[in-house]
Amino acid sequence: VLSVTTLDGTVRGIKPTSGEQLWTLAGESIGAVTVSGGVIYTGSYDRTVRATAADTGKELWKFTGHSDAVRAIARDSKKLYSGSWDNTVRALALKDGAEKWCFTGHQRPISALAIGDNVLYTASYDRTVRALRVASGVEMWVFAGHKGAVRSIALCDTRVFSGGEDMRVFGIDAATGTKVWRYKGHTRRVRAVTVCKDEEDIGNSAVFTTSDDETVRVLRAEDGEETWVSRWGWLAKGSALTNKTLH
């Protein structure tokens, strides 16, 4: 089943082979979505996090603990993590949505989450990137190098990459939170960072950045060196990689 989120606030299940609509879930606008194991997990402007069966559209559970819109979610094999405009990050059990812990260290809304090896990385409008232990929510480190809101983060082995309103992109050591490199080539805010990972060598991995300066840029993950720039002539709000193709 193909799940589609729409501007009218609905999530729709569509049969990929025919386009037949199988089910519709109505609600306020969806802020974040991820799909795994036949379950669709959504965060919404209605302040909820929901798990929905992909084949039937049946709601499996709903979490109502946030006090503002949920704009970021991530998952591992046991938990779903939600980031909200209420400045909190929460860990929920995948099976029933029960809250396992709540992190309250951010001072402004959460913009992005990325999951690593037993570590959850968070980005916020408070200009920080943080690393939390997935088992407990205990903070491991804080990176405060940005001078504006952090809009996006991505992970590649030993590096976390962040892009923000300050037009900067940082490469951060995933274990310690220390700056490895900084890129200052964009002339307007960076909306998204995406990683094309080389399994053998981080030196051959690449970071793709999209910006309000109407460019997409590719940086070496190892040192932040720019390898090419594509000037699209229109606003790029985000990007995704499939089979080494940038969309």
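Everything below is about the structure printed above this text.
What you see is a predicted model, and the numbers here were worked out from it, not measured in a lab. Counting restarts for each chain: residues are numbered from 1 in the order of the written sequence. Where totals are concerned, whole chains, interfaces and linings use all residues; where local detail is concerned, this predicted model gives features only for residues with pLDDT of at least 70, and gives and counts side-chain atom pairs only at 80 or more. By convention in this description, side-chain values take in all heavy atoms of the structure and omit both hydrogens and water.

What follows covers the packing of aromatic side chains. Aromatic rings in a pair are described by how distant their centres are and how their planes are angled relative to each other. Two rings from Phe, Tyr or Trp (for Trp, the six-membered ring) form a pair when their centres are within 6.5 Å of each other. A pair whose planes differ by under 30 degrees is stacked, one over 60 is edge-to-face, and the rest are tilted. Under the counting rule described, the total for this entry stands at seven aromatic pairs. Relative to Trp 181, the ring of Phe 161 lies with its centre 5.9 Å away and its plane at 35°, an arrangement referred to as tilted. A residue pair is termed long-range when its members are at least 10 positions apart, and Phe 161 in strand β17 (residues 159-164) and Trp 181 in strand β19 (residues 179-183) qualify at 20 residues. Working definition: with a 1.4 Å probe on protein chains only, accessible area under 20% of the residue-type maximum means buried, over 50% means exposed, and in between means partly exposed. Relative accessible area serves as the criterion here: at 0%, Phe 161 is assigned to the buried category. Its relative accessible area of 5% is what places Trp 181 among the buried residues. With a centroid separation of 6.3 Å and 70° between ring planes, the pair formed by Phe 208 and Trp 228 is classed as edge-to-face. With a gap of 20 residues between them, Phe 208 in strand β21 (residues 206-211) and Trp 228 in strand β23 (residues 226-231) connect regions that are remote in the sequence. The class of Trp 228 is partly exposed, set by a relative accessible area of 40%. Here a helix means four or more residues in a row that DSSP labels H or I, a strand means two or more in a row labelled E, and each is numbered from the N terminus.

The next thing to look at is the sheet that holds strand β15 (residues 139-143). A pair of strands is considered paired only if DSSP assigns at least 2 bridges between the two. The sheet built from four strands is open, its strands ordered β12-β13-β14-β15 with antiparallel pairing. A single partner strand is all that each edge strand has here, and the edge strands are β12 (110-115) and β15. Each strand of the sheet is rotated relative to its neighbour by a mean of 20°, with strand direction disregarded. In this structure, β12 lies alongside strand β13 (residues 119-124), joined through five bridges in antiparallel fashion. Within β13, the position partnered with Ile 115 by the bridge is Leu 120. Here the axes come from fitting lines to C-alpha atoms, over the contacting stretch only for helices, and the angles between their N-to-C directions go from 0 to 180 degrees.

Secondary-structure assignment places Lys 147 in the loop between β15 and β16 (150-156). Accessibility expressed as a relative area gives 56% for Lys 147, which makes it exposed. Spatially, the C-alpha atom of Lys 147 lies 9.3 Å from that of Asp 126, the residues being 21 residues apart in sequence. Residue contacts are counted whenever heavy atoms from the two residues lie within 4.5 Å of one another. Every residue in contact with Lys 147, bar those within four places of it in the chain, is listed here: Arg 127, Asp 166 and Arg 168.

The next thing to look at is the side chain of Thr 52. You can see Thr 52 is positioned in strand β6 (residues 49-53). Filtering out sequence-adjacent residues up to four positions away, Thr 52 remains in contact with Trp 23, Leu 25, Gly 38, Val 39, Ile 40, Gly 57, Lys 58, Glu 59 and Leu 60.

What follows covers a positive patch on the surface. Taken together, the side chains of Lys 147, Lys 179, Arg 182 and Lys 184 define a basic patch exposed on the protein surface. Tracing the backbone shows Lys 184 in the loop between β19 and β20 (190-196). To count toward a patch, a residue needs a relative accessible area over 30% and no salt bridge; like charges are then connected within 9 Å, while nonpolar side chains (Val, Leu, Ile, Met, Phe, Trp, Tyr) are connected within 5 Å. Only the protein chains shown count as cover for residues, and all accessible areas are computed by the Shrake-Rupley method using a 1.4 Å probe. Each salt bridge in this description consists of a side-chain nitrogen of Lys or Arg and a carboxyl oxygen of Asp or Glu lying within 4 Å of one another. We score Asp and Glu as negative and Lys and Arg as positive, and we do not count His or the chain ends. For this purpose, a charge sits on NZ of Lys, CZ of Arg, CG of Asp or CD of Glu.

Once that is clear, we can look at the environment of Arg 75. Among the secondary structure elements, Arg 75 is positioned in strand β8 (residues 70-75). Residue classification places Arg 75 among the partly exposed residues on the basis of a relative accessible area of 26%. Along the chain, Arg 75 and Thr 34 lie 41 residues apart, while their C-alpha atoms are 8.2 Å from each other. Polar side-chain contacts of Arg 75 include one of 3.0 Å to the side chain of Ser 36. Here a polar contact is taken to be a pair of N or O atoms separated by no more than 3.5 Å, where protein atoms must pair a possible hydrogen donor with a possible acceptor and residues adjacent in sequence count only if both atoms sit in side chains.

Disulfide assignment relies on a single distance test, namely cysteine sulfur atoms paired within 2.5 Å. Evaluated as defined, the whole model comprises zero disulfides. Here Cys 156 stays free of any disulfide, with the sulfur of Cys 196 as its closest cysteine sulfur at 9.0 Å. Here Cys 156 falls in the buried class, since its relative accessible area comes to 1%. Look at Cys 196 and you get partly exposed, because its relative accessible area is 23%.

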